[in-house]
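A closer look at the structure
Spelled out from the first residue to the last, the chains are:
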Amino acid sequence: MREFNEEMINFIDASPTPFHAVGEMAKALEAKGFVRLDECEPWKLENEKGYYVTRNDSSIIAFTYPPCPDKGYTIVGAHTDSPHLRLKPNPVTKSAGTIRLGVEPYGGVLLNPWFDRDLSLAGRIVYLNGAGERCEKLIDLKRPIAVVSSLAIHLDREANSSHSINAQTDIVPLIACGEEFDFESWILEALGESGGKLLAHELSFYDVQKGSFLGINEEFITSARLDNLLSCYVGLKAVMESKTPMMIACMDHEEVGSDSHVGAGGTFLEETLRRIAGENFGSLMRRSLMVSCDNAHALHPNFPTKYESEHAPLLNRGVAIKINSNQRYATSARTQGRFVQCAQTIGVATQTFITRSDTGCGSTIGPITATRLGVETIDVGVPTLAMHSIRELSGTEDAYGLYRILLKIGEF
């Protein structure tokens, strides 16, 4: 379990954006013999082989072939994106003798923890090279270049009482002193393409602090992007090691609604399954199970009244099964029973999570995928504190427990 968690932390550290996460997953799959497919080309699938395909380099689907004749696929769903600060297209602003880069919050980001952090920049650049050819390249500066500084308490005596954050004016990262700054030249030089011309970028700030074990017994994992790269890693390990037919679908844009050509609301997963199954698509979906893996809210010891008392998952006490009567989660009694039977058989604990009846409930790619494919689905997740913060926390036992269940559930 320690090795599993160390590898997971390394994967998350190497994946500051969805583009980097998909790249890391592709490398791991190819090392295990999985073959890359191209959506624009015909597919010739061979029995007992593994394949993967990407879209936009920010979503990835991997699967073993063929599906099981009587049980179809175990489809593990997760998402590659996390809430963060995204660079604006024309980001440079100047104030008080400093250069700043304007940002836009991506998803439901918890803004307070972004103050006073050492921030770096990563993402994708589209540019013309010296020969006038349009190119794309990933970039990760890997060093602290920016900070969002807090206002000193001497100037805001009420800061510890209540403090709202203006997303337009309060969280603009500072990068340099001076009056002049050519962003295009700077980013192209960092890319190693100083003779090129910048066309567009998708760049995100991230905290350079690496993930680590925490606690006097090192029983916690603290890191950025646990939601939901933790689940991506668990699904990746499972599909590479499973003895039963399995598929993983790690999709972008979940944190902003999934409605895009690379999100769960798009066609990527359905089109992939139709190419695998052909005219048997409907029957394949009737036989398959979707396990939507997305972190669950662990009971916070400082704020217990925010939770439904009988359904508040604890850290290191098992995988949380998410249930919502209004279908914000796609779990049914049938899918829950199958999951629990598997977990009990192999000795892995499970818990249940529902939100308080007087509190709104979030959602996942589970209901979206169940609706689009007509596949039976269960929503599960590893209990996590500080979800959507720049640094989240989970237990060391729960991700590994989920991995063990995913390896076996195709047998039930």
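The structure this text deals with has already been given above.
Here's a quick rundown of the structure. The numbers attached to residues start from 1 for each chain and follow its sequence in the written order. Residues qualify for local features only when their pLDDT is at least 70, as the model is predicted, and side-chain atom pairs are given and counted only at 80 or more; totals for whole chains, interfaces and linings, by contrast, use all residues. No hydrogens and no water enter the side-chain calculation; it runs on all heavy atoms of the structure.

**Considering empty space enclosed by the protein**
Which entries qualify depends on this criterion: Here the term cavity refers to a set of points on a 1 Å grid, laid over the protein atoms alone, in which a 1.4 Å probe fits but cannot get out; the term pocket refers to an open set having protein on both sides within 12 Å along at least five of seven lines, with lining residues being those that place an atom within 4 Å of a point. Grid points are joined across faces, edges and corners, and a volume is the space filled by probe spheres set on the points. Comment: elements are numbered from the N terminus, with helices defined as DSSP H or I runs of at least four residues and strands as E runs of at least two. Note on residue classes: Ala, Val, Leu, Ile, Met, Phe, Trp, Tyr, Cys and Pro are nonpolar, Asp, Glu, Lys and Arg are charged, and everything else, Gly too, is polar.
Taken as a whole, this structure holds 3 cavities of 30 Å³ or more when the rule is applied. Approximately 180 Å³ is the volume found for the largest cavity. Forming the boundary of the largest cavity are 22 residues, of which Pro 16, Ser 82, Pro 83, His 84 and Arg 225 lie nearest the centre. Mapped by element, the contributors of at least two residues to the lining of the largest cavity are β10 (197-207) and α4 (226-241). Ranked by the residues each element gives to the lining of the largest cavity, the list is headed by β10, at 4 residues. Its residues assigned to classes, the lining of the largest cavity comprises 9 nonpolar, 8 polar and 5 charged. Considering the residues around the second largest cavity, the lining is formed by Cys 68, Lys 71, Gly 72, Tyr 73, Thr 74, Thr 244, Pro 245, Arg 338 and Gly 410. Grouping the amino acids of the lining of the second largest cavity by side-chain chemistry returns 3 nonpolar, 4 polar and 2 charged.

**Observations regarding the nonpolar core**
Let me state the cut-off plainly: The criterion is simple. A nonpolar core is a set of buried Ala, Val, Leu, Ile, Met, Phe, Trp, Tyr and Cys residues joined through side-chain atoms within 4.5 Å. Each residue's exposure class comes from its accessible area (1.4 Å probe, protein chains only) as a fraction of the maximum for that residue type: buried when under 20%, exposed when over 50%, partly exposed otherwise. Two residues qualify as a contact provided that any one of their heavy atoms is within 4.5 Å of a heavy atom in the partner residue.
Counting 52 residues, the largest nonpolar core has Leu 29, Phe 339, Val 380, Leu 402 and Leu 406 as the members making the most contacts within it. The greatest single-element share of this core, amounting to 10 residues, is contributed by α4. The contact partners of Leu 406, leaving out residues within four places of it in the chain, are Val 76, Val 234, Ala 238, Met 246, Val 291 and Cys 293. If you look at the next biggest cluster of nonpolar residues, it comprises 27 residues, including Leu 119, Ala 146, Leu 188 and Phe 205.

**Considerations on helix α8 (residues 365-373)**
For clarity, the threshold we go by: Two N or O atoms count as a polar contact when they lie within 3.5 Å, although within protein this holds only if one can serve as hydrogen donor and the other as acceptor, and sequence-adjacent residues are included solely when both atoms are side-chain atoms.
Of all the residues in α8, the buried ones are Ile 365, Gly 366, Pro 367, Thr 369, Ala 370 and Leu 373. Buried residues in α8 make contact with β4 (74-79), β13 (246-251), α5 (268-277), α6 (281-287), β14 (289-293) and β18 (376-381). The opening residue of α8 is Thr 364, an N-cap whose side-chain oxygen sits 2.9 Å from the backbone nitrogen of Gly 366. Positive phi appears at Gly 374, one or two residues downstream of α8, with a value of about 70 degrees.

**Some thoughts on the sheet that holds strand β12 (residues 220-223)**
How we decide: Pairing between strands is defined by DSSP: at least two bridges between the two strands are required. A fitted line through C-alpha atoms represents every axis, and for helices the fit uses only the stretch in contact; the resulting angles, taken between N-to-C directions, go from 0 to 180 degrees.
The strand order across the open sheet formed by 5 strands is β11-β12-β20-β19-β15, and the pairing between neighbours is mixed. At either margin of the open sheet sits one strand with a lone partner, and together these are β11 (212-214) and β15 (296-297). Set on the sheet, α4 makes contact with β12 and β20 (392-395); between it and β20 the angle comes to about 40 degrees.

**Observations regarding the environment of Gly 132**
Residue position: Gly 132 is located in the loop between β7 (119-128) and β8 (134-140). Exposure remark for Gly 132: the relative accessible area of 49% places this residue in the partly exposed category. With 216 residues separating them along the chain, Gly 132 and Val 348 place their C-alpha atoms 57 Å apart.

**Examining the packing of α4 against helix α9 (residues 398-408)**
Convention followed: Helix crossings are classified by the rotation of the near helix relative to the far one: an anticlockwise turn of less than a right angle makes the crossing left-handed, while a clockwise turn makes it right-handed.
Orientation of α4 relative to α9, taken along the N-to-C sense of each, is 35 degrees, at an axis distance of 9 Å. Between α4 and α9 the crossing geometry is right-handed. Every residue of α9 that contacts α4 at Leu 230, Val 234, Lys 237, Ala 238 and Glu 241 is listed here: Ala 399, Leu 402, Tyr 403, Leu 406 and Leu 407. Per-class residue counts for the contact of α4 with α9 are 8 nonpolar, no polar and 2 charged.

**Some details on the sheet that holds strand β16 (residues 319-322)**
Where strands meet in a sheet, backbone hydrogen bonds hold them as pairs that are either parallel or antiparallel. In space, the 9 strands of this open sheet follow the order β1-β2-β3-β13-β4-β14-β18-β16-β17, with mixed pairing throughout. Each end of this open sheet is capped by a strand with a single partner; those strands are β1 (35-36) and β17 (350-353). Examined bridge by bridge, β16 and β17 share 4 bridges and lie parallel to one another. Bridge assignment links Ala 320 to a residue of β17, and that residue is Gln 351. The strands touched by α4 within the sheet are β3 (59-65), β4, β13 and β14, with β4 carrying the most contacts at an inclination of about 150 degrees.

**A short note on the layout of surface pockets**
Space left empty within the atom packing is revealed by a probe, the size of a water molecule, rolled over the atoms. The calculated volume of the largest pocket comes to roughly 920 Å³. Along its surface, the largest pocket is lined by 39 residues, and His 297, Phe 353, Gly 362, Met 387 and His 388 are the ones closest to its centre. For the lining of the largest pocket, the elements supplying multiple residues, two or more each, are β15, α8 and β19 (383-385). Grouping the amino acids of the lining of the largest pocket by side-chain chemistry returns 14 nonpolar, 16 polar and 9 charged. Reported here for the second largest pocket is a volume of approximately 250 Å³. Grouping the constituent residues of the lining of the second largest pocket by class yields 3 nonpolar, 4 polar and 2 charged.

So, to be careful, I would describe these as geometric facts and stop short of saying anything about function.
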